[in-house]
Amino acid sequence: MDEFRLFPPQASPVAQQLDWLFFALSAITIFFCAVVFLPIIFFSVKYRRGSQVDRSHPRTESMLIESGWTLVPLLIAIGLFSWGAVLYFHMERPPRDALQVQVVGKQWMWKLQHAEGKREINELHVPAGRTVALTMTSQDVIHSFFIPAFRTKQDVVPGKYTGEWFKPTLPGEYHLFCAEYCGTNHSRMIGRVVVMEPIDYEKWLNTGEPGEATALAGERLFRDRGCSGCHGLNSKFHAPPLENMYGRSRPLATGETVAADERYLRDSILLPGKEIAAGYENIMPSYAGQLSEEEIMQLIAYLKSIGGSSTGKVGPTEPPSSSGK
Ligand code: HEC
Ligand SMILES: [Cu+2]
């Protein structure tokens, strides 16, 4: 981790694939630079003032050359675009069986919590060979979660969730950076990612202070903050039951339907008047300013755990799923 190197280690499959694209792009760029600049140098020497050369400049026309230097670069550009697009879509869609980790950025540290409850600061321990999906938000300004060894970087934005995933293959320690200037101590907002053998990871999970699993913490909040008083079974209020809703489409009072993804759940808690569930009154109080980002994430983890399709998807790109469990 400390020796100087031009490229960070390739510690995930995506890192290798992205590097190939980068190398190809660089090679093509260097090739065309050479094709343009070498003749410039050659001709400026050959036709310099005073040199004895033929300057008659006869007219030549060639359809082949004209169409060639239009079509070949076009095809190369389309090829690079498709290559990049395929990779981009791959990176935007986390695999289903991912381990879930919640990340909250703040000036100037990363607070992380594993689904099993274990908390970390500026450190992320993960098992090799498993896909890890992060759901991230910030409690103050925009940060960016950057792990060069995995070639993944994603903005972490207050007020919304973004996601990032990777599949570490190589046990070791890697850099974690904040890659968005976020104030005076931005440069100190650094940490490390520790990729462990799966057995060591299991051991690590069970050492130290056992945390409360995020879904359990959410269940407790759901009771303590009065959610269950309205959404529970014996409530005297008319409020929608929240079992089996995650990942499905929900009808709204306006006649539209929305996907009940993390974005929707978050907004339902903080801005309940924004999207009113069809058939219900807008009586739910806003919890904005009363719950920390961690608590909101725990509530959402609980709502996910009580049913719906647990797709393991992260972030706002989550597609609606009507298939259920
Ligand atoms: C005063 C009663 C009341 C309390 C307390 C309350 N809610 Fe609600 N909630 C409602 C009502 C009524 C709706 C339906 C109208 C709407 O969408 O605003 C609703 C809607 C929702 C929805 C959207 C459901 C859907 O069907 O689309 C979610 C999610 C939700 N609440 C979560 C919570 C959470 C989490 C808490 C606690 C932090 C909470 N609620 C506290 C009454 C309440
Ligand atoms: Cu930052």
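Note that the structure is a prediction, hence the values are computed from the model and not measured. (Residues numbered from 1 in each chain as written. Chains lettered and ligands numbered in written order. Predicted model: local features only at pLDDT ≥ 70, side-chain atom pairs only at ≥ 80, totals over all residues. Heavy atoms only, no water.)

## Comments concerning the packing of helix H1 (residues 13–46) against helix H2 (residues 63–92)
As a packed pair, H1 and H2 sit with axes 11 Å apart at the nearest point and diverge in direction by 160°. Considered as vectors, H1 and H2 are oriented roughly antiparallel to each other. Classified by chirality, the crossing of H2 by H1 is left-handed. Counting all contacts with H1, which are made through Val14, Gln17, Leu18, Trp20, Leu21, Ala24, Leu25, Ile28 and Phe32, the residues of H2 involved are Ile76, Leu80, Trp83, Gly84, Leu87, His90 and Met91. Broken down by class, the residue content of the contact of H1 with H2 amounts to 13 nonpolar, three polar and no charged. (Axes fitted to C-alpha atoms, helices over the stretch in contact; angles between N-to-C directions. Helix = DSSP H or I, 4+ residues; strand = E, 2+ residues; numbered from the N terminus. Parallel < 35°, antiparallel > 145°, perpendicular 65-115°, else oblique. Left-handed = near helix turned anticlockwise from the far one by under 90°. Contact = heavy atoms within 4.5 Å. Nonpolar A, V, L, I, M, F, W, Y, C, P; charged D, E, K, R; others polar.)

## Some points on the packing of aromatic side chains
Summed over all chains, the structure comprises 13 aromatic pairs. When the centroid spacing of 4.9 Å and the interplanar angle of 75° are considered together, the rings of Trp110 and Phe145 count as edge-to-face. Note that Trp110 is positioned in strand E2 (residues 109–114) and Phe145 in strand E6 (residues 143–147), a separation of 35 residues in sequence. Each member of the pair Trp110 and Phe145 is classed as buried. Look at Phe150 and Tyr174: their rings are 5.8 Å apart centre to centre, the planes differ by 55°, and that puts the pair in the tilted class. Taken together, the residues Phe150 in the loop between E6 and strand E7 (152–156) and Tyr174 in strand E9 (residues 172–178) connect sequence positions 24 residues apart. Look at Phe150 and you get buried, because its relative accessible area is 0%. Overall, the relative accessible area of 6% leaves Tyr174 in the buried class. Among the aromatic residues, ring-to-ring pairing joins Phe7, Phe22 and Phe23 into one connected group. (Phe/Tyr/Trp six-rings, centres within 6.5 Å; stacked < 30°, edge-to-face > 60°. Buried < 20%, exposed > 50% of the residue type's maximum accessible area, 1.4 Å probe, protein only.)

## Description of the pairing of E9
Judged from the two bridges that link them, E6 and E9 form a sheet pairing that is antiparallel. The partner of Phe146 across the bridge, within E9, is Phe177. (Pairing = 2+ DSSP bridges.)

## Some words on the coordination of the iron atom of ligand 1
The protein atoms that coordinate the iron atom of ligand 1 are His231 (NE2) and Met284 (SD), at distances of 1.9 to 2.2 Å. Of note is the iron atom of ligand 1, whose six donor atoms meet at the metal with angles of 87 to 179° in an arrangement that counts as octahedral. Of the two residues, His231 sits in helix H5 (residues 227–231) while Met284 sits in the loop between helix H6 (262–270) and helix H7 (293–305), which places them 53 residues apart along the sequence. A relative accessible area of 14% means that His231 is categorised as buried. (Donors = N, O, S within 2.8 Å, 3.2 Å for Na, K, Ca; no water. Tetrahedral: all angles 85-135°; square planar, octahedral: opposite > 155°, others 65-115°.)

## Some words on the domain arrangement of the chain
The domains assigned to the chain are domain 1 (7–39 + 70–211) and domain 2 (214–305). Centre-to-centre separation of domain 1 and domain 2, based on C-alpha positions: 30 Å. In this complex, domain 1 contributes 17 residues to the contact, which on the side of domain 2 involves ten residues. Approximately 1,100 Å² of surface area, both sides summed, lies buried where domain 1 meets domain 2, with 52% of it carried by carbon and sulfur atoms. (Domains from an automatic or database assignment. Buried area = accessible area lost by both parts, 1.4 Å probe.)

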